[in-house]
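For reference, the chains in residue letters:
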Amino acid sequence: SQTIHQWPATLVQPVGSPLSLECTVEGTSNPNLYWYRQAAGRGLQLLFYSVGIGQISSEVPQNLSASRPQDRQFILSSKKLLLSDSGFYLCASRDRQTEKLFFGSGTQLSVL
Amino acid sequence: GDSVTQMEGPVTLSEEAFLTINCTYTATGYPSLFWYVQYPGEGLQLLLKATKADDKGSNKGFEATYRKETTSFHLEKGSVQVSDSAVYFCALMDGNNRLAFGKGNQVVVIP
C-alpha cells in the first residue's frame, strides 16, 4: 500500500510571497501524480498531473507551477501568491499496476 | 479536455429510499469512469469503476453502468442507509492518465 506524505498541513502566506508544497510517495514506483485544489461547491479541480520525471501537464493557466524532480516527488510552487490561491490542496498518486488512487492529507493554504 | 458533470445540489433522502446521482461525461476517446466517496472527516476512496462501454461497476450495494450512447455513468443504490451519508464524486481518466473529477454531490440520509 502506498503512503503519501504531504506538507505542511496548514500554511498562512502573505500576498506576493512564494509557495512550495511538497508531496512524496512511498510504496510504489513510477506512479502517476496529481495536484488538486478542493473548494466547497467546486469539488476537486485538477491543477497538474505527471506521468514521469520531468513530465508535467498543466490544466489551468495561472501563477502556479509544478515540478517532478524525482520519481516519487511532486512539488507545487508559485513565485507570487494571489488571494485567489487560497484553498485546500491535495496531492494524489495512482499506482499503474493496481490502479489504486491514494491521496495525501492535504494542505490548507490561506493567502492574506 | 475531457470532463464529467454531476447534477447540481445536495441530495437528501430517507433511509431505505432509492438513490440516483447523475453523471455525464464529455470525452474525445474512451475514458475509464469512476465513482469516489468521501465520508465525513475522511479522504476520498474508490467506490467503483468501469473501463469500457456497457461495463457495470458495483460495490457496497452501489452500481453504475458505463453508457456510451448517453455518455453517462449514473450511480444508483436501491436502499440507502444513514452510513451512506457522504460526498460522492464522479471521475474520468483518459488515455493520457489525466484524472478529472466532478464537483461532487453531498448525500444526506435521514433516519
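Residues numbered from 1 in each chain as written. Chains lettered and ligands numbered in written order. Predicted model: local features only at pLDDT ≥ 70, side-chain atom pairs only at ≥ 80, totals over all residues. Heavy atoms only, no water.

### What to know about the environment of Met93 of chain B
Part 1 of the reasoning: As for its position among the elements, Met93 of chain B is in strand E10 (residues 86–93).
Part 2 of the reasoning: Looking at Met93 of chain B, the relative accessible area reads 5%, which means it is buried.
Part 3 of the reasoning: With 63 residues separating them along the chain, Met93 of chain B and Tyr30 of chain B place their C-alpha atoms 9.0 Å apart.
Part 4 of the reasoning: Not counting chain neighbours up to four residues away, the residues in contact with Met93 of chain B comprise Tyr34 and Arg94 of chain A together with Pro31, Ser32, Phe34, Arg98 and Leu99 of chain B. (Helix = DSSP H or I, 4+ residues; strand = E, 2+ residues; numbered from the N terminus. Buried < 20%, exposed > 50% of the residue type's maximum accessible area, 1.4 Å probe, protein only. Contact = heavy atoms within 4.5 Å.)

### Notes on the pairing of strand E1 (residues 3–6) of chain B
All names here are of chain B.
Part 1 of the reasoning: Going residue by residue along E1, you find Val4 and Gln6 tucked away on one face and Ser3 and Thr5 left uncovered on the opposite face.
Part 2 of the reasoning: Of the pairings in the sheet, the one linking E1 to strand E4 (residues 23–26) comprises four bridges and is antiparallel in character. Across the sheet, Thr5 pairs through a bridge with Thr24, a residue of E4. (Pairing = 2+ DSSP bridges.)

### Quick notes on the interface of chain B and chain A
Part 1 of the reasoning: Contact with chain B, which involves 14 residues of that partner, is made by 17 residues of chain A.
Part 2 of the reasoning: Counting the surface chain B buries against chain A, the share from its top three residues, Asn97, Arg98 and Leu99 of chain B, is 33%.
Part 3 of the reasoning: If you look at where chain B meets chain A, you find one salt bridge.
Part 4 of the reasoning: Where Glu59 of chain A meets Arg98 of chain B, a salt bridge forms, and the shortest distance between an N and an O atom there is 2.7 Å.
Part 5 of the reasoning: Here chain B is connected to chain A by six residue pairs in polar contact (both at pLDDT 80 or more).
Part 6 of the reasoning: Looking at the side of chain B that touches chain A, the elements that each hand over two or more residues are strand E5 (32–38), strand E6 (44–50), E10 and strand E11 (99–101) of chain B.
Part 7 of the reasoning: With three residues, E5 of chain B is the single largest residue contributor to the side of chain B that touches chain A.
Part 8 of the reasoning: Partitioning the side of chain B that touches chain A into residue classes produces seven nonpolar, four polar and three charged. (Buried area = accessible area lost by both parts, 1.4 Å probe. Salt bridge = Lys/Arg side-chain N within 4 Å of Asp/Glu carboxyl O. Polar contact = N/O pair within 3.5 Å; in protein donor to acceptor, adjacent residues only side chain to side chain. Nonpolar A, V, L, I, M, F, W, Y, C, P; charged D, E, K, R; others polar.)

### Describing the pattern of salt bridges
Residue and element names in this part refer to chain B.
Part 1 of the reasoning: Per the stated rule, a full pass over the model turns up five salt bridges over all chains.
Part 2 of the reasoning: Lys52 is the partner of Asp55 in a salt bridge, and the nearest nitrogen-oxygen pair spans 3.3 Å.
Part 3 of the reasoning: As a salt-bridge pair, Asp84 and Lys77 come within 2.8 Å of each other at their nearest N and O atoms. The pair Asp84 / Lys77 is uniform in exposure class, with both members buried.

### What to know about the sheet that holds strand E8 (residues 62–65) of chain B
Backbone-to-backbone hydrogen bonds pair the strands of a sheet. The strands run either parallel or antiparallel.
Residues and elements named next belong to chain B.
Part 1 of the reasoning: Spatially, E3-E9-E8-E7 is the arrangement adopted by the four strands of the open sheet, whose pairing is antiparallel. Each edge of the sheet is formed by a strand with only one pairing partner; in this case those strands are strand E3 (19–21) and strand E7 (56–59). Taken over all neighbouring pairs, the strand axes of this sheet differ in orientation by 15 degrees on average, direction set aside.
Part 2 of the reasoning: When E7 meets E8, the two strands line up antiparallel, connected through four bridges. For Asn59, the partnering residue across the bridge sits in E8 and is Phe62. (Axes fitted to C-alpha atoms, helices over the stretch in contact; angles between N-to-C directions.)

### Observations concerning the pairing of strand E9 (residues 87–94) of chain A
All names here are of chain A.
Part 1 of the reasoning: Counting buried residues in E9 gives seven out of eight residues, a clear majority hidden from the surface.
Part 2 of the reasoning: Alignment of strand E4 (residues 32–39) against E9, held across seven bridges, turns out to be antiparallel. Its bridge partner being in E9, Tyr34 is matched across the sheet by Ala92.
Part 3 of the reasoning: Judged from the three bridges that link them, E9 and strand E11 (residues 107–111) form a sheet pairing that is antiparallel. Among the inter-strand pairings, Phe88 is bridged to a residue of E11, identified as Gln108.
Part 4 of the reasoning: Here E9 pairs with strand E10 (residues 101–103) via three bridges, running antiparallel. Looking at the pairing, Ala92 lines up with Phe103 of E10.
Part 5 of the reasoning: Count of turn residues in the E9/E10 antiparallel hairpin: six residues, of which Glu99 carries a positive phi of about 65 degrees.

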